[in-house]
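Geometric and topological summary
So the chains spell out like this:
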Amino acid sequence: MAREYPPLIQTSALILPEESPIRRLAPRPRALRHESYGQKFDDRTVIYDLFRSGDPCELIAICPPLFNLLDDLDIRITALPDGSPCPFRVEPRALTERLVIRVPEGCESLRIATRAGTWQVAPAPAIQARFAGARAITTLSRDNDLQWIRDWVTYHVRAQGATAAVIYDNGSRRYTPEALASALEGTGVDVAVVPWPYPYGPNDHRMPATRRVFDSNFCQTSMLDHAWQRLFAQADAVVNADIDELVYTSGPSVFERVTTSETGFLRYTGRWIEPLPIRRGRAPRHRDFWQELRTSVPVHCEPKWAVAPAKLPPNAQWMVHDIAGMIPDADSEDVSFGHFRGINTAVTIDAVGRRMLRRTWAMPFAPTRQVVPLRDAMRAAFAEDAPALCSPPLARQARPELALSREARAIAKAAEHDPDAAPYWIAQAMAAQREFNAPEEMRAHAERAFALAPEDPNAQEVLAASAPADQRIATLERIAALPPPEAPELAADRLMLLAHLATDAAPERAQALASDALALCPDKPGALLVQARLHTAAEDHEAAVRLYGKLLALTLDTVVPLPRQRAYYDSQSRSFRVYFDPCGLHSVPPRLPLRAQANALTALARFEEAVAPAATLAAREPFVFVSQMLHARVLRRAGDGAGARAAALRAAQAARVDLLRGVTTRHFLPRHKRWSAERLLEIGQAQVFARDTAAAEVTMGEIAALGRPGRDALAQLRALLEKHRKAAPRAQRP
């Protein structure tokens, strides 16, 4: 008989009292705080959960980023009952932290003494054995209908073979964690509920001025790290999916695919399932919907993932839409999920952040098409089902505030000479660059930020990023005329930025500036990148190879925090250093030095050596056409014709996967035919490289069917195919 486990998994938290004068400082600049920021920011939670690890002399605490609390609280930990002091270390990660505490054997609890008070905390028991070998699904949920949650569990058990489900309840108001656990009885698998009543944080990354700003929402990232460390380290596989998401596959289940995959990690996109047909008279359920909008290019949503924990590297991190430090397996393309607009109680902002929509909003007369694999999977999973559950009603939600707070508006519009307004204009410039491709608008915002705070490194960097090619030297002189920073690291950052600006117009000056930056901070990735690019431009490929090798040693095994914009707490100044990184000099992704090193070695005719970085890049980016084609070209130059053809076919497959996935927002659809032509051209180029002329001719037909938007791509592919036919031996001509 299977062992019975309690339905609730309790946590051992430490939260500062309301009257505590010591609070976590907010990393967000005041000019970027929306009206609800202060209410939603978690300034009191110190520890989400303290629990025992597999080591009897080690405890782990999952925490929000401590920032100033580490110094302000002056944390001192004592083991009970013997009273011996316990050393601990902080392991910072993106939007979460771990405390690893060494304790003597026989430790029953901890006395945690701080300047805000003293607490005795008993560590929660280790329960990794409960989920050992399990194929689990997990999610963070708040106020979702009980029927939706039960359907979510039932579907993944019947359709995908899940053997365990863990729901983190984020302080639901409609029911208690006990009521939620009771509603999930009888599903046939081990179902657990973890009460996780902590503030989610300001989820405003789609709102005006804070597009893609993730610096204050710690709850879900910490929950995922907690799930890995306390629950699923010994699990067979784990799927991360929201209640409004159902995973479907072609063939083997997602669990079978991820456990047999080479990398142990699948990252897959989903389809937006429309709330059509509109249901009247009863609450909607997943099974009611299986249609997506019929568009010429599919519109997909942000990805989710599945992982085999046994293959996780120790420096990886579970994120909401990715696992930092892991490479998605090529088998990911056979997995997808339906993201149900009708299974939702929330309000969201549209993709460009300019209007509010309820997630359940639908266009009643919009053309749709059935997502047949999902429809069939739901019909099979819900063929036999119990009567519907009844959930308590949800309180009416207030309309979210989309405008900036009064304080932020006053700073941004009235205080023309107040440096506190600079972050607002920097964020606006970044949105113009990344979201709307509006260079003139970006330049105007950057000039405003620089005028308000010329000594702000972010204002300098966004000004540099917005500078047209013919104005970069003038921009360099404006920044160079400012007083140099006193801190060596900031001075190195300034020199690195100036070198970046001088790269094209004044390479000798750029080389000297980059050398000065490296003299101050020898491990500045951006300065190394600038120097290596300068050597490449001067055709000094030997020096470039050395520098790219050094850059790879710094970046290849580093988990770069996602996203690019992030905040670091400086304990000396008791303030945050916020990096927007518009020039990409602070976080250099490994793909840049890998690609450049392979090209530099190829230029030196060291083809066999070039294979290694090209192969590493292709393995890290299985769905990136450019990376796969680089691998194919290097293999051909190294004399591996069969390997080159295989790599070219993988490149064609990567471009085809990109084409089938479609775009991430409906606002892109007006340009979809030109985008489709570009993807088809990539497919054709790879097919010609692989000497599959018949397939290339079929691709030409696909481009021709696009009409005028595909005219340029068709001419390029036709010329490439003709060139290949002339160069091929007469015996190989069709």
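Right, let's walk through the structure included here. As the structure is a prediction and not an experimental result, all values here were calculated from the model. The residue numbering used here restarts from 1 in each chain and proceeds along that chain's sequence as written. Selection of residues for local features in this predicted model requires a pLDDT of at least 70, selection of side-chain atom pairs for listing and counting requires 80 or more, and totals for whole chains, interfaces and linings are taken over all residues. Hydrogens and water molecules were not included; the side-chain quantities draw on all heavy atoms of the structure.

1. Points about the sheet that holds strand β20 (residues 335-340)
Two strands form a pair only when DSSP identifies at least two bridges running between them. Per the convention used, a helix needs a DSSP run of H or I reaching at least four residues, while a strand needs a run of E reaching at least two, with both numbered from the N terminus. Taken together, the eight strands give an open sheet; going across it, the order is β12-β11-β10-β13-β17-β15-β20-β14, and neighbouring strands pair in mixed fashion. Lying at the two open borders of the sheet, with one neighbouring strand each, are β12 (190-195) and β14 (245-249). Across the sheet, the mean angle separating the axes of adjacent strands is 25° when strand polarity is ignored. Where β14 and β20 come together, five bridges link them in antiparallel fashion. Residue tyrosine 248 lies in a different strand from β20, and its bridge partner there is serine 336. Whether two residues are in contact is decided by their heavy atoms, any of which lying within 4.5 Å being enough. Axis definition: a line fitted to C-alpha atoms, over the contacting stretch in the case of helices. Angles run 0 to 180 degrees between N-to-C directions. Here helix α3 (residues 146-160) sits on the sheet and contacts β10 (135-141), β11 (164-169), β12 and β14; the angle it forms with β14, its principal contact strand, is near 10°.

2. So, the nonpolar core
In this structure, Phe131, Tyr168, Trp196, Phe232, Trp318 and Ile323 are the most contacted members of the largest nonpolar core, which totals 97 residues. If sequence neighbours within four positions are ignored, tyrosine 168 has contacts with Thr138, Thr139, Leu140, Ser141, Val194, Trp196, Met223, His226, Ala227 and Leu231. Residue types Ala, Val, Leu, Ile, Met, Phe, Trp, Tyr and Cys, when buried and joined through side-chain atoms within 4.5 Å, form a set referred to as a nonpolar core. Three exposure classes are used, based on accessible area relative to the maximum for each residue type with a 1.4 Å probe and protein chains only: buried under 20%, partly exposed in between, and exposed over 50%.

3. A short note on the packing of aromatic side chains
What counts as a ring pair is set by centres within 6.5 Å for rings of Phe, Tyr and Trp (its six-membered ring), and what kind of pair is set by the plane angle: stacked under 30 degrees, edge-to-face over 60, tilted for all other angles. This model, assessed by the stated rule, comprises 14 aromatic pairs. For the pair tryptophan 196 and tyrosine 198, a centre-to-centre distance of 5.1 Å together with 90° between the ring planes defines the contact as edge-to-face. The pair tryptophan 196 / tyrosine 198 is uniform in exposure class, with both members buried. Chaining the aromatic ring pairs together yields one cluster made of Tyr37, Phe41, Phe67, Phe218, Tyr569 and Phe576. Only when the NZ of Lys or the CZ of Arg is both within 6 Å of the ring centre and within 35 degrees of the ring normal is a charge said to sit over the ring. The ring of tryptophan 290 carries arginine 379 above its face, with NZ or CZ at 5.5 Å from the centroid. The positively charged end of arginine 636 is found above the aromatic ring belonging to phenylalanine 689, 3.9 Å away from the centroid.

4. Considerations on the side chain of aspartate 329
Along the chain, the position of aspartate 329 falls in the loop between β19 (323-324) and β20. The side chain of aspartate 329 is buried and forms no salt bridge, while lysine 311, the nearest opposite charge, is found at 7.2 Å. Each polar contact in these results corresponds to two N or O atoms within 3.5 Å; when the atoms are within protein, one needs to be able to donate a hydrogen and the other to accept it, and residues that are neighboring in sequence are counted only if both atoms are side-chain atoms. Among the polar contacts made by the side chain of aspartate 329, one reaches the main-chain amide nitrogen of aspartate 331 at a distance of 2.9 Å. Here aspartate 329 is in contact with Ser261, Glu262, Thr263, Phe265, Leu266 and Phe623, once residues within four sequence places are set aside. Two residue types count as positive, namely Lys and Arg, and two as negative, namely Asp and Glu; His and chain ends fall outside the count. Between Lys or Arg on one side and Asp or Glu on the other, a salt bridge is scored when a side-chain nitrogen of the former is within 4 Å of a carboxyl oxygen of the latter.

5. Concerning helix α19 (residues 625-637)
What a helix should span is 1.5 Å times the count of its residues minus one. Taking 1.5 Å of rise per residue, 13 residues should cover 18 Å, and α19 covers 19 Å from first to last C-alpha, within 8% of that figure. Those residues of α19 lying buried are Phe625, Ser627, Gln628, Met629, Leu630, His631, Ala632, Val634 and Leu635. Downstream of α19 by a residue or two, glycine 639 has a phi angle that is positive, lying close to 90°.

6. Examining the pairing of strand β5 (residues 76-80)
Counting buried positions along β5 yields four of five residues, so the element is predominantly enclosed. Of the strand pairs in this sheet, β5 and strand β8 (residues 109-114) are connected by five bridges, and their pairing is antiparallel. Directly across from isoleucine 77, in β8, lies its bridge partner isoleucine 112.

7. Structural notes on the sheet that holds strand β9 (residues 117-121)
On the basis of which strands lie adjacent, the open sheet formed by three strands has the order β5-β8-β9 and antiparallel pairing. The open sheet is flanked by β5 and β9, the only strands paired with a single partner. For this sheet the average axis-to-axis angle between neighbouring strands, irrespective of direction, equals 20°. Where β8 and β9 come together, five bridges link them in antiparallel fashion.

8. Side note on the side chain of glutamine 160
In this fold, glutamine 160 is placed in helix α3. A residue is classified by how much of its surface remains accessible, and glutamine 160, at 4% relative accessible area, is buried. Within the structure, glutamine 160 has its side chain in polar contact with the backbone oxygen of valine 247 (distance 3.3 Å). A polar contact of 2.8 Å, which involves the side chain of glutamine 160, links it to the backbone nitrogen of valine 254. Look past the residues within four positions of glutamine 160 in its chain and what remains in contact with it is Tyr155, Val247, Tyr248, Thr249, Ser253, Val254 and Phe255.

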